[in-house]
Every structure is written in C-alpha cells, then in structure tokens.
Amino acid sequence: MDLVLLPIVLLAAFLNGYGIWNDQYANSYYTTAVGSMLSNFHNFFYASLDSAGSVTVDKPPVVFWIQTAFAYVFGLHGWSVILPQVLAGIGSVLLIYFMVKPTYGLAAARISALAMATVPVVAAVSRTNNIDSMLVFTLLLGSWFLFKGSKQGSAWRILVAFGLIGVAFNMKMLQAYMILPAFYLFYLLAFQAKWRRKIILMIGSTAVLAVVSLSWAVAVDSIPEDQRPYIGSSETNSVMELAFGYNGLARLTGQQNTAGNAGMPNGMGQGNNRGNRGDSTSGPNQTGSGVPAAGQDVNAQDNDNMNGSNGLNTMGGMNGPNGNFPNGQMPNDMEMPNGRNFGGNGGGGMFGTGEKGPLRLFQTELSGQASWLMPVVLLGCIAIFAGLRRRNITNKHKEALFWLAWLLPVAAFFSVAGFFHQYYLIMLAPPLAALTGAGFIAMWKSYRDRVGWQAWLLPVSVLLTTLFGWYIMQGYNDTIGAGWSISELIAGILVTVILVVMLHRTHRWKQGFIIAGFMVMLIGPIYWAFTPITYGGNSMIPAAGPTGSNGMFGGAGKGMPMGNGAGVTEMPATGGRGGMGNRNEEVDTATLNYLKEHNTGETYLFATTDYNQAAPYIIDEKASVITLGGFSGSDPVYTTEELEQLVKSGQVKYFMVGGMGGRGGNSEINDWIKEHGTEIPTSEWKTGTDSKSMNNGDTGNEAGLGFGFGFGFSGQTTLYEVKL
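Just so you know, these numbers come straight off a predicted model, no measurement behind them. (Residues numbered from 1 in each chain as written. Predicted model: local features only at pLDDT ≥ 70, side-chain atom pairs only at ≥ 80, totals over all residues. Heavy atoms only, no water.)

Scored by pLDDT, the protein chain has a mean of 82; 77% of the residues are at 70 or more. Low confidence marks residues 690-714, where pLDDT is under 50. Its contacts with residues over four positions away, or in another chain, come to 94 contacts. (pLDDT = per-residue confidence, 0-100. Contact = heavy atoms within 4.5 Å.)

Below, the structure is given as structure tokens:
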C-alpha cells in the first residue's frame with residue numbers, strides 16, 4: 001500500500017464531501033426527479049421529473065438510477081443524492097493513479113493523483129448531484145479497461161471499454177463521445193494483434209458502443225408517445241433528437257430551442273417553436289402513472305406574471321412590451337438568452353465562459369476552473385516526446401498520445417462552443433492530471449541528468465506555471481487579498497532561481513527544491529479547490545472560485561451588470577441551500593395543510609407550471625405533484641383537453657400558476673386554468689410574505705425580486721381550484 005496515496009485520497013474526500021449534509025435539496029431539478037423515481041418503476045425507468053410521469057428530465061437516466069438507489073437505501077436527502085458523485089470523484093483520483101503508475105512510475109502516479117484531486121472544477125462538481133463527476137469516472141473506468149486490454153491483447157476488455165463509453169452516453173449523451181478520438185488512436189497504436197484481428201475487433205467494439213449508447217433512446221422512442229412521458233427539453237418528443245440537438249450540436253453552435261434553454265426566462269415574449277407531440281388529444285393513460293400523455297404546438301408563453309403589476313417593473317427599464325426585455329436585449333447591451341443564441345457570435349458566453357477563441361481557456365472567466373497546470377503540461381509533453389524516434393515508440397509515448405488525444409479535442413470544443421457551463425470543464429481534468437505527473441517526472445529526469453536544453457524545461461515550467469497562477473489569482477485580489485497571488489509569484493521566482501543555480505551542481509537539497517517547485521505550482525489550484533467550501537457552492541451551476549455561490553452564473557461570475565437608464569448597478573447575488581441558481585423553496589406549511597384538508601380523493605395534491613413549486617413537496621413530503629411544463633415550464637406536456645380529462649376523472653383539482661419568470665407554462669394552458677378555475681385568496685393557503693422570503697426569492701413574493709436558475713424574476717403565484 002502506498003502511504004502517500006492515502007492523504008491524497010483523504011484530501012479528495014474532504015474537498016468533495018465536506019459539508020454536503022448542509023445542502024438540503026442540492027440541484028433541486030435532479031433531486032425532484034429522484035423523488036419521483038422512487039415512487040414507481042415507470043417513473044424510475046424514464047427518469048420522470050414529476051410524480052405523474054408526465055415529463056422527463058433533460059438528460060438520460062443512468063446517473064439518476066444510481067442516485068435513486070442511494071436515496072432508496074439512505075432516504076431522500078441532498079447529501080444522499082450527492083454521495084455517488086463524491087465517491088465518483090474519489091474513484092477518479094484512484095483510477096488516474098493506477099493508470100499512470102505502470103508506465104510512468106510511482107512518483108508520476110502520486111503527482112497525477114494529487115493534481116486530479118485539486119483540479120478546482122472537480123472539487124466543485126463532485127460535491128453536487130450534477131452528472132459530470134460520475135461521467136468522468138465512467139470514462140476513466142473505460143480508459144483503464146482500454147489500457148489493460150491493449151497491453152494484454154484482451155478482446156473482452158476492449159469490448160468492455162467501448163461499452164462503458166456507451167454507458168457514459170446514457171449519462172450525458174454526446175459529451176461522452178469527446179474522448180473517442182483518444183480511444184481509437186490508442187487502440188490502433190497499442191493493441192497487440194495482427195491488423196486483420198485488430199480491425200475486426202475495432203468494428204465489433206464500435207458496434208458494442210452503438211448498441212449500448214442507443215439502447216435506452218431507441219427503447220423509449222419506440223414506445224407510443226401517449227404511453228410514456230414527454231422527453232423534457234426536446235423539440236420533437238424524441239430522445240434521439242434531444243441527444244443530437246439540445247444536448248448535441250446546439251452546445252457547439254449556441255443555438256437553443258426556446259423551451260429547453262436551461263431554465264432561462266425564455267418565456268419573455270419568445271414563444272415555443274416546438275412541433276406537435278402527437279395528433280391524438282386523448283390517449284390511454286401512461287403506464288403506471290394514471291395520467292394521459294399529451295402534446296401540442298405551443299406558440300406563445302404566458303407573460304402575465306412578467307409584466308409591471310407583478311414586480312418586474314421594479315427593476316427599472318427591464319420590461320419591454322409584454323414584460324420581456326426590449327428587443328431581446330438586457331440593459332447595457334447584454335444579449336438576452338432568448339432561445340436563439342446563448343453564446344453570441346464570437347462574444348462572451350452567457351454563463352461566464354469568456355470570448356470564443358484559441359485562448360479562451362486562459363481567460364479570466366474559465367482559467368480558474370481547470371487550466372492552472374497547462375504550462376507544465378505543455379513543457380512536460382515536450383520532455384516526453386523529445387526522445388521520440390520512429391522505431392522507438394514506447395508505452396510512454398503511446399499513453400501520452402492518448403491523453404493528448406483526449407485533451408486537445410475537448411479543449412478545442414470549449415474554445416469555440418456557443419453554450420456550455422463552466423463545470424463542463426471537468427472533462428479536461430483527467431488528461432491534465434495524467435500529463436502533469438508524466439510530464440513533470442520527465443522534466444525532473446532531464447534536469448537531474450542535465451540533458452542539454454531539456455534540462456531547462458523544469459525551471460521554466462515552474463516559472464511559467466506560477467506566473468500563470470499569479471495572473472489568475474490577482475484578478476480576485478479585492479476578494480482574497482493580494483497576499484496569495486504575490487506569495488505564489490515570489491515563491492515561484494525564488495524556486496526557479498534556485499533550480500537554475502543548482503542545475504549544474506550536486507546538492508542533497510536539490511530534490512527537495514524540485515518537490516517545492518511543484519508544490520508552489522499547486523498553491524492556486526488548491527486554494528481554488530477549497531473555495532466551494534470556504535465561499536459557498538452552487539449546486540445548480542457549480543464552479544470554483546472565491547465568488548462561490550455569489551456568482552451569477554457560477555464561481556467565476558462577479559454579478560451581472562444592469563441598468564435602468566440612470567446608471568449601472570450589479571444584479572444582486574443570492575445563495576441559500578444549494579447556492580445561487582437553486583431557488584430551493586421549502587414546503588409552506590399553510591399551503592400543505594390547505595391542500596391536504598381540501599383534498600377530496602384526488603390522486604395529485606396539485607399541478608404547477610414551475611417545477612420549483614413542486615420540488616419541496618415531492619422531496620420532503622413525498623407528495624404526488626404534476627409539473628405541467630418540465631424544466632423551463634414550456635414543454636408541451638399537456639393539452640387543454642387532457643387537463644380537462646384529469647380534472648373530470650378526479651385526479652387533480654388545484655393548480656399553481658406563476659412563479660419564476662420563464663416558467664409560467666404556455667398561454668393556452670394558463671388561460672384554460674384561469675377560465676375554468678376559481679382563484680383561492682392567498683391569505684387562505686399561503687404563509688404571509690416577510691423579508692426573509694423576499695431575500696430567498698420566494699415566488700410568493702408579489703413585489704420583490706427573486707433569482708432562480710440564472711435569472712428568474714419572481715412573480716405572484718396564484719392557486720386555482722378547477723371543478724368541472
């Protein structure tokens with residue numbers, strides 16, 4: 001047992017897991033789905049968002065199956081759905097260690113494991129119930145099987161490796177395929193077999209990849225639409241379209257459909273351009289749910305809750321006609337994510353992702369997430385390949401090529417992509433960590449053996465990496481103080497000078513200064529990795545950085561500038577359980593009591609246009625609740641005819657309308673509810689609004705301003721009783 005590995009694993013466990021018990025709902029969108037999945041197999045199989053099994057989450061189900069299993073064993077809590085990702089983060093550190101060690105040695109493995117544990121975005125994501133930590137672990141597990149299978153000529157291991165990429169596809173769709181170039185390249189270079197067998201096995205592995213990847217999607221799409229949930233955030237109620245559209249090409253181009261645009265206030269006069277779910281207005285009940293599936297072409301959003309009377313006008317100059325931003329523009333010429341363009345045309349990303357271009361990963365917005373060690377990786381690769389000869393391609397070269405073939409396409413994608421979140425950069429962590437260990441040891445050996453110009457790579461890497469670390473940290477001097485950035489800079493320069501002086505000398509402390517050089521390079525990453533603990537995290541859009549949950553779109557955000565014609569202000573940032581991005585309402589006891597007392601045998605406690613309204617009741621009370629529009633509130637889940645059938649059959653009679661901007665549902669559904677329903681006075685069913693609820697962005701706040709995922713402007717929530 002490697003005793004040095006133990007503290008690295010413990011560090012990873014602390015960074016990933018400390019304080020997760022304080023996160024009541026985590027990412028409430030996913031936690032709500034887990035709560036619904038616990039109720040029956042129908043909801044479990046489809047990863048249904050609501051109790052009725054009427055609409056799915058916007059991702060495949062594998063990670064949610066795992067989270068549901070943990071919730072079944074430990075109970076449904078924020079920490080129980082986060083725990084699988086904590087373990088996956090720790091597992092990724094161990095896999096990096098065991099993949100690097102056989103070829104590059106013990107020292108390289110330790111360095112790689114430590115680098116992986118302290119990549120800031122890894123720590124930020126692994127302490128939430130977002131998918132990416134589990135995704136990376138699965139990709140690394142597949143890579144481990146690929147390495148083993150190639151070295152041993154084991155066909156079954158190769159098949160398992162590609163099959164695991166298929167499993168990863170069923171976690172986050174096309175994001176899993178970003179490492180396929182590395183898989184095919186390494187297989188062709190490293191698998192020991194005659195070319196005929198190699199090609200046949202590659203074809204077979206590709207078939208396994210395709211079958212595993214598409215198994216759930218094809219199964220779901222083959223089921224009649226009136227017998228399954230609507231596929232959340234899809235345009236055509238198809239998993240395949242979701243995979244290659246909203247979760248695929250749209251991430252590169254930034255062109256998003258209106259209703260699936262990540263919960264932004266798309267309802268602000270933009271409408272819904274989705275196709276019809278089906279021609280039938282009333283089909284058989286969904287299996288296991290007792291609720292008819294439905295669909296329609298939704299052509300408009302209800303903006304009643306977004307205009308002046310409901311609080312948006314208090315922001316000054318933000319509400320144009322129908323309550324939307326004038327001309328699709330936010331104040332100060334910031335483009336509104338209106339379902340047409342998230343990432344702009346070369347401009348900065350909507351979610352703090354910087355300007356498109358080859359240096360995007362080095363910009364302030366993204367560099368703190370995973371880029372800290374890129375200089376040492378670059379120079380380390382030079383050291384690894386410096387001795388490469390055509391007939392002397394070793395395992396070190398092959399594995400380095402694998403990690404580069406993982407790193408470079410991923411880096412290229414994020415350099416030009418139009419729509420992604422900062423935490424997606426966790427995909428960079430494994431190759432950066434592995435190449436850090438392998439490259440640093442290669443430079444160390446060249447330095448020790450004084451191999452010509454290569455001996456200078458080590459001190460130069462220490463200098464450049466610490467300079468880059470200083471560049472990242474100094475942008476936050478107002479928050480963390482200048483001491484951290486200046487200390488790293490001075491220490492880096494000092495160690496560099498010492499290494500240069502000792503280059504041609506022999507000294508017993510020489511090795512110690514080399515180790516010190518590496519530790520100096522880790523000052524910034526380690527500080528940033530601790531920020532989700534020290535500054536507060538964000539469970540909806542996790543990101544590392546000293547702004548923590550106060551960032552508008554993640555840890556690197558510094559608030560959103562806004563104006564009202566009289567000047568520029570900064571949009572207030574909020575935290576709360578799960579951090580900024582989760583509105584994370586709690587159960588209103590008055591509401592719960594009213595709905596229970598007046599329930600006359602209905603299957604569902606209430607239906608709502610905003611899943612955030614349903615979340616605490618599904619999670620905490622295990623209540624049966626219907627969400628009428630998925631994540632954004634505008635998925636065409638129900639037609640008015642089907643709502644009428646629900647009410648007439650005695651399945652539901654109470655409807656909550658309003659709440660988050662952009663989650664108000666479609667106008668036809670809302671109009672039908674208002675036309676056929678009786679409004680219940682707020683005083684009868686809702687606890688009085690106070691300053692606390694205003695600060696938390698309570699949707700019951702009729703005049704205040706609340707913030708949900710991204711934006712989210714509070715409007716008045718109205719309860720209707722519909723009797724037919």
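Now that the structure has been shown, the text picks up again.
Helix length check: helix H14 (residues 374-385), at 12 residues, gives a terminal C-alpha distance of 17 Å against a target of 16 Å (1.5 Å per residue), a fit within 8%. Within H14, 9 of the 12 residues are buried, which leaves it mostly tucked inside the rest of the structure. Here H14 has its buried residues at Met374, Pro375, Val376, Val377, Leu379, Gly380, Cys381, Ala383 and Ile384. Residues of H14 that are buried sit in contact with helix H15 (395-416), helix H16 (429-449), helix H17 (457-474) and helix H20 (510-521). (Helix = DSSP H or I, 4+ residues; strand = E, 2+ residues; numbered from the N terminus. Expected span 1.5 Å × (residues − 1). Buried < 20%, exposed > 50% of the residue type's maximum accessible area, 1.4 Å probe, protein only.)

Moving on, we get to the pattern of salt bridges. Pairs may arise between side chains of opposite charge once their charged atoms sit close together. In total, this model carries 9 salt bridges according to the counting rule given. The salt bridge involving Lys59 is made with Asp58; its shortest N-O contact spans 3.3 Å. Each member of the pair, Lys59 as well as Asp58, carries the same accessibility label: buried. Between Glu399 and Lys151 there is a salt bridge, with its nearest N and O atoms 3.0 Å apart. (Salt bridge = Lys/Arg side-chain N within 4 Å of Asp/Glu carboxyl O.)

The topology assignment puts Thr128 in the loop between helix H7 (120-126) and helix H8 (132-152). Residue class for Thr128 comes out buried when judged on its relative accessible area of 2%. Of the polar contacts made by the side chain of Thr128, one reaches the backbone oxygen of Val125; its length is 2.8 Å. Residues in contact with Thr128, not counting those within four places in the same chain, are Ile82, Gln85, Asn538, Ser539 and Pro542. (Polar contact = N/O pair within 3.5 Å; in protein donor to acceptor, adjacent residues only side chain to side chain.)

With that settled, the discussion passes to the nonpolar core. Counting 165 residues, the largest nonpolar core has Trp403, Trp406, Met427, Leu428, Phe440 and Ile673 as the members making the most contacts within it. Contacts of Ile673, omitting those with residues within four sequence positions, involve Leu628, Leu643, Phe655, Val657, Tyr720 and Val722. Counting 16 residues, the second-largest nonpolar core is a separate cluster that includes Val587, Tyr617, Ile680 and Leu719. (Core = buried A, V, L, I, M, F, W, Y, C linked by side-chain atoms within 4.5 Å.)

The 5 strands lie next to each other as S6-S5-S7-S9-S8, forming an open sheet whose pairing is mixed. Two strands bound the open sheet, and with one partner strand each, they are strand S6 (625-627) and strand S8 (677-680). In this sheet, neighbouring strand axes are inclined to one another by 30 degrees on average, regardless of whether the strands run parallel or antiparallel. The pairing of strand S7 (residues 654-657) with strand S9 (residues 718-722) spans 4 bridges and is antiparallel. Its bridge partner being in S9, Phe655 is matched across the sheet by Tyr720. (Pairing = 2+ DSSP bridges. Axes fitted to C-alpha atoms, helices over the stretch in contact; angles between N-to-C directions.)

Next up on the list: the packing of aromatic side chains. Taken as a whole, this structure holds 44 aromatic pairs when the rule is applied. Measuring from ring centre to ring centre gives 6.1 Å for Phe70 and Phe74, while their planes differ by 40 degrees; the resulting arrangement is tilted. Of this pair, Phe70 and Phe74 both sit in helix H4 (residues 62-74), 4 residues apart, roughly one helical turn. You can call Phe74 partly exposed: its relative accessible area is 40%. Taken together, the ring pairs connect Phe147, Phe162, Phe183, Tyr184, Phe186, Phe402, Trp403 and Trp406 into an aromatic cluster. Lying over the aromatic face of Tyr424, Lys172 brings its terminal NZ or CZ to 3.6 Å of the ring centre. Between Lys198 and the ring centre of Trp195, over which it is positioned, the NZ or CZ distance is 4.4 Å. (Phe/Tyr/Trp six-rings, centres within 6.5 Å; stacked < 30°, edge-to-face > 60°. Lys NZ or Arg CZ within 6 Å of the ring centre and 35° of its normal.)

On to helix H25 (residues 667-676), then. Buried within H25 are the following residues: Ser667, Ile669, Asn670, Trp672 and Ile673. Here the buried face of H25 lies against helix H24 (640-648), S7, S8 and S9.

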